[in-house]
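Report on the structure
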Amino acid sequence: DISPLVVMAGISGTGKSELPRRYAEAMGIYFHIMAVQPRWDSPQDMFGFYNYLDEKYKATELSRSLIQMDKWNNPERSEYHNRMLLVLLDEMNLARVEYYFSEFLSKLEIRRTVDPDDVNERIKAEISLDTGSVIKKLYVHKNVLFVGTMNEDESTQTLSDKVIDRANVLRFGRPEKMTSDMPANPDPSDKFLTYTNWLDWQKNDSHLKPQARTDVEKWISKINLALDEIGRPFGYRINQAIFSYIANYPAVNAQNNYRFAFTDQLEQRVLPKLRGLELLTNERCFEDIREVLEELDDDELVKAYSKATDTNNNNLFAWTGVTRKQES
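Scope of this entry: the structure provided in the associated data block.

What counts and how
Residues numbered from 1 in each chain as written. Predicted model: local features only at pLDDT ≥ 70, side-chain atom pairs only at ≥ 80, totals over all residues. Heavy atoms only, no water. Helix = DSSP H or I, 4+ residues; strand = E, 2+ residues; numbered from the N terminus. Rg over C-alpha atoms; globule rule 2.2 N^0.38 Å. Buried < 20%, exposed > 50% of the residue type's maximum accessible area, 1.4 Å probe, protein only. Contact = heavy atoms within 4.5 Å. Areas by Shrake-Rupley, 256 points an atom, 1.4 Å probe, with all protein chains shown as cover. Lys, Arg positive; Asp, Glu negative; His and termini not counted. Charge placed at Lys NZ, Arg CZ, Asp CG, Glu CD. Expected span 1.5 Å × (residues − 1). Pairing = 2+ DSSP bridges. Axes fitted to C-alpha atoms, helices over the stretch in contact; angles between N-to-C directions. Arc of directions from axis to C-beta. Salt bridge = Lys/Arg side-chain N within 4 Å of Asp/Glu carboxyl O.

Check the secondary structure of the protein chain and you find 13 helices and nine strands. Expected size for 328 residues packed as a compact globule is a radius of gyration near 20 Å; at 21 Å, the protein chain falls within 12% of this value. Projected onto its principal axes, the C-alpha coordinates of the protein chain cover approximately 60 × 50 × 45 Å. Counting only residues that meet the buried cut, the protein chain has 45% of its 328 residues in that class. A separation threshold of at least 6 residues defines the contact pool for the protein chain, and within that pool the share at least 24 residues apart is 72%. Summing over all exposed atoms, the protein chain offers an accessible surface of approximately 17500 Å²; the carbon and sulfur share of this is 48%. Taking the average location of the 42 positive side-chain charges in the protein chain and that of its 52 negative ones, the two points are 2 Å from each other.

Moving on to helix 11 (residues 257-270). In this model helix 11 runs 19 Å from its N-terminal to its C-terminal C-alpha over 14 residues, within 8% of the 20 Å that 1.5 Å per residue would give. Of all 14 residues making up helix 11, twelve are buried, and the element is well covered by its neighbours. On the buried face of helix 11, the contacting elements are helix 7 (161-165), strand 9 (167-172), helix 9 (210-228), helix 10 (236-247), helix 12 (283-295) and helix 13 (299-308).

This next bit is on the pairing of strand 1 (residues 5-10). Across the six residues that make up strand 1, a large majority, five, are buried. Note: strand 1 against strand 8 (residues 144-151), six bridges, orientation parallel. The residue of strand 8 that forms the bridge with Gly10 is Asn151. Where strand 1 and strand 9 come together, six bridges link them in parallel fashion. Each bridged residue has a counterpart across the sheet, and for Gly10 the counterpart in strand 9 is Phe172.

Overall, parallel pairing links the five strands, which are arranged 2-5-8-1-9 in an open sheet. In this open sheet, the two edge strands, each paired with only one partner strand, are strand 2 (30-35) and strand 9. Within this sheet the neighbouring strands show an average axis-to-axis angle of 20°, counted without direction. Alignment of strand 2 against strand 5 (residues 85-90), held across six bridges, turns out to be parallel. The residue of strand 5 that forms the bridge with Met34 is Leu89.

What follows concerns helix 5 (residues 102-110). Ser102, Phe104, Leu105, Leu108 and Glu109 are the residues of helix 5 that are buried. Buried residues along helix 5 cover an arc of 160° about the axis, so they all sit on one side.

Moving on, we come to unusual backbone geometry. Keep in mind that most residues, glycine aside, have a negative phi and that most peptide bonds are trans. Although it is not a glycine, Glu91 adopts a positive phi angle of roughly 55°. In this structure, Glu91 sits in the loop between strand 5 and helix 4 (97-100). Here Gln255, not a glycine, exhibits a phi torsion of approximately 55°, which is positive.

Right, let's get into the pattern of salt bridges. Where charged atoms from two side chains of opposite charge approach closely, those side chains can pair. Evaluation of the coordinates by the stated rule reveals 18 salt bridges. Between Arg21 and Glu18 there is a salt bridge whose closest N-O contact spans 2.4 Å. Here the residue Arg21 and the residue Glu18 both occupy positions in helix 1 (residues 18-27), the gap between them amounting to three residues, near one helical turn. Residue classification places Arg21 among the partly exposed positions, given a relative accessible area of 26%. With a closest N to O distance of 3.0 Å, Glu109 and Arg166 form a salt bridge. Within this pair, whereas Glu109 is found in helix 5, its partner Arg166 is found in the loop between helix 7 and strand 9, the two being separated by 57 residues in sequence. Look at Glu109 and you get buried, because its relative accessible area is 14%. We classify Arg166 as buried; its relative accessible area is 11%. Through salt bridges with shared partners, a single network forms among Glu18, Arg21, Arg22 and Glu25.

Right under this line is the structure:
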């Protein structure tokens, strides 16, 4: 609801594009991949445009897929309306994400505040497709999930704070062990996952234990005070997104798992916002954040943070994510 995008970043060849495809196959979710091009500079590159010479609307595969899932503007294709669709924007930072995706990202965020059955409410979150004399409306419901991959090298663009604030950023580091064996493909699901089923799985934070809520609120407050010192505090959106993530973490109330869920969110939401900041100038902020990290008892995260804040290597915060130990 709150975070309509997952971004998987890191070095090339680590399975960033493969993971969403296999996830969709195993879960019984429709999957659509769209390769981002360096020349993309507007939403038309995603959804298509009206060619005034041919007098035809040039749709994209993405717009066709989204129209199939839209039960309000395309009610006749009812067989798809209770299904799930996962859209992968491959190498999404080859072009400036803000140019082609920012407006759409705002629409995805608005949809959680509107009633789609109310046409006057739904229009606030609808996309307008320029099909010529008639403007066709497209409503992207919550049964459509978005994932983006990005390689981090000299040929790509960085993500803006607007995108990072609305996304969970997962970083793929170098593989801990090199092997010639490819991971086995999961067995494809023999039936489709329904949107109704998907909703049944979702939880709100009301089931969190009081101690978990108290600790998370304390850690968020400390982190936000540290970010305020450098003029980069976060607001209600990230606070709500963190609690939503923790609420849906597996077995969150067992064995203090809420700590692991919170460290995930620091890694995915907070630390990417600090890339490129001067360490010595903002020393107080980085020390305050370190205190919280050490309280969470996540040795791998503390190690990665120490590496990113090592002034012997660089005076800039060089966050490259956490390399987790491979499970046996």
